[in-house]
Amino acid sequence: MFDWDDVRIFIAAARAGSLGGAASRLGIDAATVGRRVARLESALKSTLVVRSAQGLQLTAAGAQLLQVGLEAETAMDAAGRIAQPDVVAGTVRISASEGFGGVVLAPALAGLHAARPGLRIELAASSGFLSPSRREVDMAITLSAPDSTRLIVEPLTPYQLALYAAPAYLTQRGAPNGIDDLGGHDIVGYVDDLIYAPELRYLDEVKPGLTPHLASSSIRAQRDIIAGGGGVGVLPCFLAEGLERVLPDVLLQRRFWLSTHREVHDTARLRAVRGWVKALCDANVGRLSPY
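Reference entry: report on the structure contained in this document. Model, not experiment: these values are computed from the prediction.

## A look at the sheet that holds strand S9 (residues 232–236)
For step 1, the next point in the chain: Taken in spatial order, the 8 strands make up an open sheet running S4-S3-S5-S10-S6-S9-S7-S8, and their pairing is mixed. The open sheet is flanked by strand S4 (119–126) and strand S8 (214–215), the only strands paired with a single partner.
For step 2, the next point in the chain: Here strand S3 (residues 90–97) runs beside strand S5 (residues 139–142); their pairing, made up of 3 bridges, is parallel. Bridge assignment links Ser-95 to a residue of S5, and that residue is Ala-140.

Here it is in structure tokens:
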């Protein structure tokens, strides 16, 4: 027999990808996480994780236990809600793009915490997305609609992107008068082989073959390069404060999508956070789609 609490700790380690990450989330030390996972492996007579330079990697047995454990966790959460079905409490982990997560969601989290002190919010705002279908997160805000029967997916909000440059750059180099003039300017954009979604191929949409002279995998780093006078680049309008828009005829349209795992979609905590995210987008519509 094994201790269910060991499975709970194993799930946290699998989600975090490291003993330290699980320890931080659980409020215990990493050595304890390691001992409990090892004890679970001994009880099951099976190796569940292996350590690598990239963190913890699940074995086939570990992946199987994770899936079973997540189903059990969901069932236990549901049982706990029978007595208090409307209590808004617990952890909600959100995956969002670096720009939207850092500029729109993060500054508003203090207000959510004040309104819902029983919630613990974990925001994974980075290049690339974690997956609610694999239960890496509870909720994901993505650039395209995920295709998975395990998820409930809904459109969240449209947003716009345009070409921007720093005022100092335009004073020095002058503003382009048309698309063809961009060939005479320094261009800022993504590192081509690190683009993780087709929706990020902005420059090809502006002018096929347009290549950046300064590139980053981070949209916020691109914004800082542009603000530092590095050139002209495409940015979401909500990231362009302090910059000047160039070539007003260039306006790109995109949409964010909101997805949650079916098994937790209707929990009180997920309903509360979904409502907060949607209300936040409505309040920021002038920043997201200003033109």
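Back to the write-up after that little detour.
## Section: the environment of Gln-160
For step 1, the next point in the chain: By the element assignment, Gln-160 lies in strand S6 (residues 151–165).
For step 2, the next point in the chain: Gln-160 gets classed as buried once you look at its relative accessible area, which sits at 4%.
For step 3, the next point in the chain: Taking C-alpha positions, Gln-160 is 6.2 Å from Leu-288, a pair spaced 128 residues apart along the chain.
For step 4, the next point in the chain: Aside from chain neighbours lying at most four places away, what touches Gln-160 is Leu-235, Pro-236, Cys-237, Leu-251, Leu-252, Gln-253, Leu-288, Ser-289, Pro-290 and Tyr-291.
For step 5, the next point in the chain: At a separation of 2.8 Å, a polar atom in the side chain of Gln-160 contacts the main-chain carbonyl oxygen of Tyr-291.

## Thoughts on the nonpolar core
For step 1, the next point in the chain: By size, the foremost hydrophobic cluster in this structure holds 61 residues, and its most contacted members are Phe-100, Ile-141, Leu-163 and Phe-238.
For step 2, the next point in the chain: The greatest single-element share of this core, amounting to 8 residues, is contributed by helix H10 (residues 268–283).

## Focus: the environment of Pro-248
For step 1, the next point in the chain: Summarising the element assignment, Pro-248 is placed in strand S10 (residues 244–261).
For step 2, the next point in the chain: Taking the relative accessible area as the measure of exposure, Pro-248 reaches 59% and is therefore exposed.
For step 3, the next point in the chain: Once the C-alpha coordinates of Pro-248 and Tyr-164 are considered, the two residues, 84 residues apart in sequence, prove to be 9.7 Å apart.

## Notes on unusual backbone geometry
For step 1, the next point in the chain: Phi at Lys-45 takes a positive value of approximately 55°, unusual for a residue other than glycine.
For step 2, the next point in the chain: Mapping Lys-45 onto the fold places it in the loop between helix H3 (30–44) and strand S1 (49–52).
For step 3, the next point in the chain: Residue classification places Lys-45 among the exposed positions, given a relative accessible area of 76%.
For step 4, the next point in the chain: One non-glycine residue, Leu-247, lies in positive phi territory at about 50°.
For step 5, the next point in the chain: Mapped onto the elements of the fold, Leu-247 is located in strand S10.

About the thresholds
Residues numbered from 1 in each chain as written. Predicted model: local features only at pLDDT ≥ 70, side-chain atom pairs only at ≥ 80, totals over all residues. Heavy atoms only, no water. Pairing = 2+ DSSP bridges. Helix = DSSP H or I, 4+ residues; strand = E, 2+ residues; numbered from the N terminus. Buried < 20%, exposed > 50% of the residue type's maximum accessible area, 1.4 Å probe, protein only. Contact = heavy atoms within 4.5 Å. Polar contact = N/O pair within 3.5 Å; in protein donor to acceptor, adjacent residues only side chain to side chain. Core = buried A, V, L, I, M, F, W, Y, C linked by side-chain atoms within 4.5 Å.

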